[in-house]
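Descriptive structure summary
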Amino acid sequence: MDKEGVVEFFEVTKVYRGRYYALRDITLSIKKGEFIFLVGPSGAGKTTLLKTMYMEELPEEGEVKVLGISHRGITKKDIAFLRRKIGIVFQDFRLLPDRNALENVTFSLESIGVSYKDAREKALKILTDLGLATKADNEIFDLSGGEQQKICIARALVREPVILIADEPTGNIDPKSQDEIIDLLVNIHGKGTTVIMATHNYTLLERIPVKRTVHLERGEIKKVS
Ligand SMILES: Nc1ncnc2c1ncn2[C@@H]1O[C@H](COP(=O)(O)OP(=O)(O)OP(=O)(O)O)[C@@H](O)[C@H]1O
Ligand SMILES: [Mg+2]
């Protein structure tokens, strides 16, 4: 495996329920500081590939190594380490319904040991950057779909992760907000974060100057461009 790679897949196969091949023989090396797009039709395996990167799913064959940690013999401590280093924008949001918008973001920091005061300051700044300062006290269900999506992005970015994984982060959002989110991703990438983003939205691809695009189809890499 490549020493420089922050994410390494070697001949990875992921099978759901013992019979559904969601990933087949994936070999891929992502280097520190890259901006990677993951594209492909629904069901191609994009989310599965990302879940395997943060080790929510483990492969049946091959090996996954992320920030030097192999899925083989992975411990709870390793998982905790990866959760601290990787920011994740989930396709299905996974916000905490019993906390308001601001608390969802501060919780992301407090859970890794940041004091409430610092967490609140950072969270308010990022909500302001995303145009959501006035929604800070809203309950999650009193936010629109696009606003909830932005809270997910704020929650992932606020930790200043080494790797940012974003699964269709602009799916529910109007064009202006999409541009704002892309600007944020470009900005965080400029600070050295490795960004890996799955999307159906091909027009977004044109807005990122330096990137690599991985094309998935039926669980296989068809092309890298
Ligand atoms: N937990 C699961 N159990 C069984 N099959 C699953 C499971 N999760 C995903 N799959 C199947 O694996 C395939 C890949 O799913 P995945 O969610 O990775 O696709 P995707 O490329 O992210 O699609 P989309 O663009 O719609 O988000 C799909 O056919 C899906 O039905
Ligand atoms: Mg998906």
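Residues numbered from 1 in each chain as written. Chains lettered and ligands numbered in written order. Predicted model: local features only at pLDDT ≥ 70, side-chain atom pairs only at ≥ 80, totals over all residues.

This part is about the packing of helix α5 (residues 145-157) against helix α6 (residues 175-190). With their axes 12 Å apart at the nearest point, α5 and α6 run at an angle of 5 degrees to one another. Accordingly, the angle class assigned to the pair α5 and α6 is roughly parallel. Note on element contacts: α6 touches α5 through Ser177, Ile181, Leu184 and Ile188, opposite Gly146, Lys150, Ile153 and Leu157. The residue makeup of the contact of α5 with α6, split by class, is 5 nonpolar, 2 polar and 1 charged. (Axes fitted to C-alpha atoms, helices over the stretch in contact; angles between N-to-C directions. Helix = DSSP H or I, 4+ residues; strand = E, 2+ residues; numbered from the N terminus. Parallel < 35°, antiparallel > 145°, perpendicular 65-115°, else oblique. Contact = placed C-beta atoms within 7 Å. Nonpolar A, V, L, I, M, F, W, Y, C, P; charged D, E, K, R; others polar.)

Our focus in this paragraph is the environment of Thr194. Checked against the element boundaries, Thr194 lands in strand β8 (residues 194-198). You can call Thr194 buried: it has 23 C-beta atoms within 10 Å. With 149 residues separating them in the primary sequence, Thr194 and Gly45 have C-alpha atoms 20 Å apart. Among residues more than four places away in sequence, those in contact with Thr194 are Val6, Ile30, Lys32, Gly33, Glu34, Val162 and Ile163. (Buried ≥ 20, exposed ≤ 12 C-beta atoms within 10 Å, placed from the backbone.)

In spatial order, the strands read β2-β1-β4-β5; together these 4 strands make up an open sheet with antiparallel pairing. The outermost strands of the open sheet, each flanked by one partner alone, are β2 (20-31) and β5 (69-70). In this structure, strand β4 (residues 61-66) lies alongside β5, joined through 2 bridges in antiparallel fashion. Note on β5: the bridge partner recorded for Val66 is Ile69. Sitting on the sheet, helix α1 (residues 46-53) touches β1 (5-16), β2 and β4, and the angle it makes with β2 is about 60 degrees. (Pairing = 2+ DSSP bridges.)

Below, the discussion takes up the environment of Ile181. Relative to the helices and strands, Ile181 is located in helix α6. You can call Ile181 buried: it has 23 C-beta atoms within 10 Å. For the pair Ile181 and Lys150, spaced 31 residues apart in sequence, the C-alpha separation works out to 8.1 Å. The contacts of Ile181, once residues within four sequence positions are left out, are Ile153, Pro169, Thr170 and Ile173.

What follows deals with the site of ligand 1. Surrounding ligand 1, one finds 13 residues, the nearest of these being Tyr16, Ser42, Lys46, Thr47 and Thr48. At the level of elements, β2 and α1 are the ones that each hand at least two residues to the shell around ligand 1. Split into classes, the residues belonging to the shell around ligand 1 amount to 4 nonpolar, 7 polar and 2 charged. (Near = placed C-beta within 6 Å.)

All right, on to unusual backbone geometry then. Of note, the phi angle at Phe93 is positive, near 70 degrees, even though the residue is not glycine. In this structure Phe93 comes out as partly exposed when scored by C-beta crowding, with 15 C-beta atoms within 10 Å.

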